[in-house]
Structure formats: structure tokens, C-alpha cells
Amino acid sequence: MNELTAREIREGVATGSLSASEVCRACLEQIDRIDPRLHAFLTVDREGALARAAQIDARAPTQERLPLLGVPIAVKDNICTRGLRTTAGSRILEAFDPPYDATVVARLRDAGAIVLGKTNCDEFAMGSSTENSAYGASRNPWAPDRIPGGSSGGSAVAVASRAAPIALGSDTGGSVRQPAALCGVVGMKPSYGRVSRYGLVAFASSLDQIGPFGRTVFDAALLLGVIAGHDPADSTSAQRPVPDFTAGLTGDIRGLRVGVVRSMLEDGVDEEVARSVLDAIDVLRARGAAIVDVPLPHARFAIPVYYLIATAEASSNLARYDGVRYGFRAPATDNADLRTMYERTRAQGFGAEVKRRIMLGTYVLSAGYYEAYYLKAQQVRTLIRQDYDAAFEHADVIVTPTSPTAAFKLGERVHDPLQMYLADVFTVGVPLAGLPALSLPCGFTRDGLPIGLQLVGRMWDEEAILRAGDAYERDTTWWSRKPEVV
Amino acid sequence: MSEFTTADVERIANLARLTLTDEEKILFARQLDSILQYARQVCDLDTSGVAATSHVLDRRPADRPDEVRPSLTEAQALANAPEPAPAEGLFKVPRVLGG
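Residues numbered from 1 in each chain as written. Chains lettered and ligands numbered in written order. Predicted model: local features only at pLDDT ≥ 70, side-chain atom pairs only at ≥ 80, totals over all residues.

1. Let's talk about the overall build of chain B
1) Next: Scanning chain B for helices and strands turns up 3 helices and 2 strands.
2) Next: In chain B, the succession of α and β elements from N to C terminus is α-α-α-β-β.
3) Next: Against the 2.2 N^0.38 benchmark of 13 Å for 99 residues, chain B shows a C-alpha radius of gyration of 23 Å, more extended than a compact globule.
4) Next: In terms of overall dimensions, chain B has C-alpha extents of about 60 × 45 × 25 Å along its principal axes.
5) Next: When the 99 residues of chain B are sorted by exposure, 19% land in the buried category. (Helix = DSSP H or I, 4+ residues; strand = E, 2+ residues; numbered from the N terminus. Rg over C-alpha atoms; globule rule 2.2 N^0.38 Å. Buried ≥ 20, exposed ≤ 12 C-beta atoms within 10 Å, placed from the backbone.)

What follows is the structure, given as C-alpha cells:
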């Protein structure tokens with residue numbers, strides 16, 4: 001039962017060969033089995049999920065057209081769910097019960113999906129390993145002494161360990177794609193503006209996008225179709241028609257121009273990762289794609305630009321945590337004034353990485369440093385975008401590794417923030433340019449750790465990367481491998 | 001050479017409304033210094049005449065009619081407050097003025 005894809009579950013529930021309740025129970029049982037070891041979930045909504053499943057079973061025949069009918073889903077804990085605790089992995093939101101659903105969650109419910117619970121993540125989505133969660137790290141199902149990637153690590157673990165067929169994450173600098181790669185599942189960052197951010201706990205508003213996880217490209221495409229589209233509640237969501245993202249998954253990529261960035265297969269990339277990506281390029285070529293070299297000359301500036309811009313935006317967004325309207329407030333002392341309350345609340349409520357990023361962001365926005373750092377980073381962001389524009393004159397999709405290495409050990413980089421940031425070298429450029437990108441499994445290391453392939457598309461052209469990813473998936477079996485712990 | 005001193009950390013923490021322990025001040029000074037050293041490679045790029053990108057939207061966000069729609073009730077808005085004053089419909093905060 002836990003091997004079923006979202007597509008198969010939907011089909012089974014719609015035709016009556018499966019009940020939503022039995023599928024939901026199988027997921028909840030799998031959560032009980034794996035979560036003590038992997039810690040993918042922060043909150044499991046057992047009663048809510050089963051009640052919703054029973055409701056769907058009672059009305060299944062009349063709802064058979066719903067795209068996620070009876071499909072269980074795990075939701076990252078920085079996406080608001082009405083009445084279901086939403087912490088964003090932070091102590092400061094420990095007791096936060098959102099009074100409303102994020103737009104994506106409302107759309108999931110309308111599509112017939114069943115929310116199983118909320119998944120672990122780095123605090124406020126700031127991190128690449130889930131080790132910054134205030135509630136403890138998640139573990140990689142392929143090697144529980146290793147990190148699952150982050151920040152949406154819990155969602156990737158839930159899907160890889162068959163506790164949920166699909167999940168939602170959010171991606172600011174790679175937070176969907178990198179954990180997808182390190183856990184051996186499919187993950188996608190849509191074009192900026194494709195999906196409403198209403199109800200997503202804000203980190204860096206010019207970069208944040210909610211994205212889907214699945215075990216197959218088809219499931220990721222199916223889920224993207226449900227959550228995409230304009231939302232009046234998010235002024236940055238685009239007024240563009242939403243195509244049927246599954247319709248173009250024909251396996252036909254003849255003539256598709258695939259751009260390869262040679263420098264991203266050389267400098268600082270693990271040899272096994274580079275070889276798997278080169279093999280994947282051969283698979284695409286054998287399917288009829290044309291392989292072309294494209295340069296991205298400013299790609300090496302993506303990490304510094306990203307960390308200057310993302311922290312600046314974060315320092316502003318996180319000013320809202322002041323202990324007044326919601327969230328944690330430091331215990332009052334008799335003579336505490338308002339300002340002391342602010343400072344103590346934030347000191348006690350935020351973890352180390354969040355404080356570090358608020359500090360860095362505040363610094364680069366402060367008088368005397370704004371031009372040198374923040375404005376400069378915004379200018380280099382323009383150069384990075386222009387590189388992609390130029391590359392997409394010669395290519396329809398661009399192929400890179402998702403991560404330069406497979407999953408590293410828990411604790412290995414936690415005391416060296418800069419080393420942790422370098423894990424994002426291939427993913428951070430994409431959101432700076434607003435582009436869509438897909439990560440899918442393309443091999444394993446000798447130690448049995450998953451390797452991810454990243455496909456980057458033109459703005460609004462999710463269809464090309466989904467088509468290329470699906471075509472690749474048809475000729476390979478990496479996606480169907482299952483971690484032993486399951 | 002260290003650019004980021006503990007005095008800088010104190011100045012920034014003050015702007016960001018964070019109280020830090022002495023240990024945090026020393027740690028952050030070292031870590032932020034190393035991150036900034038790394039980030040400084042962008043400062044050496046020639047960007048004269050390059051426009052800044054603050055967002056990637058291809059058009060300005062759409063306006064919408066300014067009309068009243070269903071929104072949170074007062075009780076819902078206060079439900080997550082650490083110190084609500086429901087009878088008055090207020091959030092309570094420590095003293096702001098006077099002594």
C-alpha cells in the first residue's frame with residue numbers, strides 16, 4: 001500500500017478499488033514505524049486525517065474528478081494549517097495555532113488531499129540539514145547517521161520513507177531540491193510567482209516559493225498543478241494560466257536542447273556525483289536531446305549574493321516576532337519595559353542560525369554598509385540573471401548536480417556556517433533568477449547514498465524540465481529504490 | 001584582519017533587538033567575520049551601470065479593489081497572543097512610557 005504513487009491512489013479511490021481510509025491508515029502506520037528513528041514529523045494529525053478520509057470515502061463517487069482525491073500529503077511546518085500547530089521549526093512559534101489555512105493548503109483540501117501532519121525543517125527554513133530545527137534534526141532514511149538535507153528535510157524523509165506519497169516544502173535557496181536529492185526523491189522549485197506564498201512563514205520574500213515533493217516526476221507535476229495559480233491574497237503571485245503539467249509528460253524529448261555547465265562538473269564536485277550527472281546527460285542524449293555547453297560565468301558569486309540578499313530580507317521579515325501578537329514572550333520581570341521584553345523574547349525564542357542571519361542581514365542593510373554589500377549583491381543578482389538569459393538562448397533546460405556531495409554526517413558542518421552554506425552552491429543561483437528547477441534521483445554513491453540531478457528551466461517553463469525529468473525517469477530505475485530502514 | 005568586532009556585534013544586536021550573551025558575541029564576531037570575508041568577493045566585481053534586481057517580477061504587482069472581505073474575528077486575532085486582554089479587545093504589553 002505504501003508503494004502506491006499519488007496518481008495510483010487517486011485513481012484507486014476514484015474508481016472505488018481503494019478506500020481513502022485504508023490508504024490513510026497505512027501512512028499513519030508507516031509514520032509510527034519510521035518516525036521514532038527518522039523524526040520527519042513535528043505534528044501528526046491522526047484524527048483529522050482519518051476523519052477527512054472517512055468523509056471522502058462517503059462521497060467518493062461524486063468527487064471522482066478531484067486531482068488528489070484521497071491522497072495523503074505531508075506539509076512542511078512553515079506552511080500555515082488552520083487549527084494545526086505550525087512552528088516553522090522555531091521555539092518562538094512553539095504554541096502557534098494558525099487561524100487560517102495557507103492558500104496552498106486550502107487548494108489541497110479542495111483537491112481532495114488529506115493532510116497527515118507537519119514536517120520538520122530548519123528553523124524558519126534557514127539551513128541545509130534540519131539541524132537548525134528547535135525540535136531536533138531529522139535523519140536520512142538511507143543512512144540515519146547522516147543529514148536528510150534541508151531546510152525541507154522532514155518532507156523529503158516522509159516521501160523517501162513511504163510515510164506519504166507526496167509532500168509540500170518551501171525553497172528559498174534550494175530547500176526543496178537539496179533534501180530531495182539527498183533523500184532520493186523528486187522535488188521542485190516552481191517559477192517565482194507560480195504558487196501563492198499566502199500563509200507561508202516568510203523568510204526571504206523575493207526568493208521564497210512553495211514546491212512539491214513526490215517519488216515520481218508525474219506526482220510532482222500533479223501536485224504542482226493543484227497548488228499553482230494566481231491568488232489575490234499574494235500580490236506577487238502571477239496572473240498566468242496554469243497548464244496541465246502532467247499533459248506534456250510524453251517521454252518525447254527529441255530536439256530538446258540540454259545545456260551543460262562544465263565548470264559545475266569540475267570544481268569542488270564529488271567525483272561520484274559528477275559521474276552520475278554525466279551518465280544522466282548520456283541518457284537524455286540517447287532519448288534524442290541535443291547536448292550543448294553553456295557558460296554561467298557569474299555562478300560562482302551566487303552563494304555570497306544569496307546570503308547577502310536572503311539575510312537582509314530575513315532580518316526585515318523576522319522583525320514581526322516581538323512577543324506581542326502571537327508566539328512566545330519571554331517571562332515578564334517586574335520592571336521590564338517594552339524594549340527589554342522585545343530583546344529577551346527574541347534572544348530566547350530564536351536559535352543560533354536565525355540570530356546569525358538576522359545579525360548579518362541587519363549589518364548589510366545598516367548605514368555605511370548598504371551600498372557596499374546589499375546594493376552590490378542586487379547588482380550581481382542582475383548579472384546572474386543575465387547569464388541565465390544568455391544560456392537559455394542556446395538551451396531549453398540546463399543540467400547540473402543538485403548538490404556537490406551526497407548527504408554528509410550529522411554534526412559535521414554545524415559549527416561552521418560557511419561550510420554549511422557551500423552545500424547550496426548549485427541551487428542558490430536559480431531563485432536569484434526566479435527560475436523553476438527540478439531535482440530527481442540520478443544514481444547512488446558506493447556507500448548507497450542518493451545523488452540528485454538538477455534541471456533548470458526558463459521562467460514559467462516548468463513543462464520543459466518536467467518533460468525532461470519524466471523522460472529520464474522512464475529509462476532509469478533510481479526513483480524506485482527503497483531505503484532499507486523502510 | 002578582522003572586520004567584524006564584538007563592538008560591531010553589540011551595535012548590530014541593538015539594532016536587531018537581540019540581547020546576546022558574551023559567548024554569543026565572541027562566536028558571532030568570528031563567524032560573521034568569516035562569512036563577510038567570503039562575501040566580499042562580490043565587492044570586487046565591476047558593476048558600474050548594472051541595475052539592481054530587488055525582485056524578479058516581470059510586471060508590478062496587480063492592484064485589487066479595496067473592498068471589505070471576511071477576515072479574522074477579534075477573538076481569533078487574539079487567540080495566539082501571549083497576553084491577550086479579550087474583554088478590552090487588546091494585546092497587553094509592558095510599560096512603554098514613564099516610570
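2. Looking at the overall build of chain A
1) Next: When you go through chain A residue by residue, the secondary structure sums to 15 helices and 11 strands.
2) Next: Relative to the 2.2 N^0.38 estimate, which gives 23 Å for 486 residues, the radius of gyration of chain A is 21 Å and therefore close to what a compact globule would have.
3) Next: Counting only C-alpha atoms, chain A reaches 70 × 55 × 45 Å along its principal axes.
4) Next: Residues classed as buried in chain A amount to 64% of the 486 residues present.
5) Next: Expressed as a percentage of contacts within chain A between residues at least 6 apart in sequence, the contacts between residues at least 24 apart total 77%. (Contact = placed C-beta atoms within 7 Å.)

3. Details of the interface of chain A and chain B
Size of an interface, as often reported, equals the accessible area lost when the parts are brought together.
1) Next: With 56 residues of chain A in contact, the opposing surface of chain B contributes 43 residues.
2) Next: By residue number, the principal contributor to the side of chain A that touches chain B is helix α12 (residues 370-391) of chain A, which donates 12 residues.

4. Remarks on the sheet that holds strand β1 (residues 41-44) of chain A
The strands that make up a sheet are held in pairs by hydrogen bonds between backbone atoms, and each pair lies either parallel or antiparallel.
Residues and elements named next belong to chain A.
1) Next: In space, the 11 strands of this open sheet follow the order β1-β3-β2-β4-β6-β5-β10-β11-β9-β7-β8, with mixed pairing throughout. Unpaired on one side and paired on the other, β1 and β8 (290-293) mark the two borders of the sheet. If you compare each strand with its neighbour and ignore which way they point, the axes differ by 30° on average.
2) Next: In this sheet, strand β10 (residues 437-444) lies alongside strand β5 (residues 186-189) in antiparallel orientation, the contact comprising 3 bridges. (Pairing = 2+ DSSP bridges. Axes fitted to C-alpha atoms, helices over the stretch in contact; angles between N-to-C directions.)

5. Re helix α8 (residues 271-286) of chain A
All names here are of chain A.
1) Next: Taking 1.5 Å of rise per residue, 16 residues should cover 22 Å, and α8 covers 23 Å from first to last C-alpha, within 8% of that figure.
2) Next: Among all positions in α8, only Val273, Ser276, Val277, Ala280 and Leu284 are buried. Projected down its long axis, α8 shows its buried positions confined to an angular sector of 95°, all on one face. Along α8, the residues that are exposed and aim more than 90 degrees away from the buried face are Glu271, Asp282 and Ala286.
3) Next: Those residues of α8 that are buried are in contact with β7 (257-260), β9 (397-401), β10, β11 (450-457) and α15 (462-474).
4) Next: Positive phi shows up at Gly288, right after α8, with a value of about 105°. (Expected span 1.5 Å × (residues − 1). Arc of directions from axis to C-beta.)

6. So, the environment of A:Ala228
All names here are of chain A.
1) Next: The residue Ala228 is located in the loop between α7 (217-227) and β7 in this model.
2) Next: Ala228 gets classed as buried once you count the C-beta atoms within 10 Å, which come to 26.
3) Next: C-alpha of Ala228 to C-alpha of Glu123: the two residues are 105 residues apart in sequence and 25 Å apart in space.
4) Next: Each residue touching Ala228, except ones within four places of it in the same chain, is listed here: Pro190, Arg194, Val195 and Val242.

7. What to know about the packing of α7(A) against α15(A)
Residues and elements named next belong to chain A.
1) Next: As a packed pair, α7 and α15 sit with axes 9 Å apart at the nearest point and diverge in direction by 155°. The orientation of α7 with respect to α15, classified from their angle, is roughly antiparallel. Residue-level inspection shows Val217, Phe218, Ala221 and Leu224 of α7 in contact with α15, the latter providing Glu462, Leu466, Gly469, Asp470 and Glu473.
2) Next: Taken together, the residues of the contact of α7 with α15 break down into 5 nonpolar, 1 polar and 3 charged. (Parallel < 35°, antiparallel > 145°, perpendicular 65-115°, else oblique. Nonpolar A, V, L, I, M, F, W, Y, C, P; charged D, E, K, R; others polar.)

8. A closer look at the nonpolar core
Residues and elements named next belong to chain A.
1) Next: Counting residues in hydrophobic clusters, the biggest one holds 179 residues, and the most contacted among them are Ile73 and Val305.
2) Next: The leading source of residues in this core is helix α9 (residues 302-317), at 10 residues.
3) Next: Contacts of Ile73, omitting those with residues within four sequence positions, involve Leu108, Ala113, Ile114, Val115, Leu116, Ala164, Ile166, Ala167 and Leu168. (Core = buried A, V, L, I, M, F, W, Y, C linked by C-beta atoms within 7 Å.)

9. Comments concerning helix α2 (residues 22-39) of chain B
1) Next: Spanning 18 residues, α2(B) covers 25 Å between terminal C-alpha atoms, matching the ideal 26 Å at 1.5 Å per step.
2) Next: Burial in α2(B) covers these residues: B:Phe28, B:Ala29, B:Leu32, B:Ile35, B:Leu36 and B:Ala39. The buried residues of α2(B) all sit within an arc of 150° when viewed along its axis, so they share a single face.
3) Next: Its buried side turned inward, α2(B) meets α9, α11 (352-365), α12 and α13 (417-422) of chain A together with α1 (6-15) of chain B.

10. Re the environment of A:Ile281
1) Next: Here A:Ile281 is to be found in helix α8.
2) Next: Here A:Ile281 falls in the partly exposed class, since 19 other C-beta atoms lie within 10 Å of it.

11. Digging into unusual backbone geometry
All names here are of chain A.
1) Next: For the bond running from Gly150 to Ser151, omega is 10°, close enough to zero to count as cis.
2) Next: Counting through the fold element by element, Ser151 comes out in the loop between β3 (114-119) and α5 (153-160).
3) Next: In this structure, Ala88 takes a positive phi of about 55° despite not being glycine.
4) Next: Relative to the helices and strands, Ala88 is located in the loop between β2 (72-76) and α4 (103-110).
5) Next: Of note in this structure, Ala125 is not a glycine but carries a positive phi near 65°.
6) Next: Ala125 sits in the buried class, given 30 other C-beta atoms within 10 Å.

12. Here we look at the pairing of β5(A)
Residues and elements named next belong to chain A.
1) Next: Side chains of β5 alternate between two faces, with Val186 and Met188 and Gly187 and Lys189 buried alike.
2) Next: Direction of pairing for β5 relative to strand β6 (residues 209-214): antiparallel, over a ladder of 2 bridges. By the bridge assignment for β6, Val186 is matched with Gly214.

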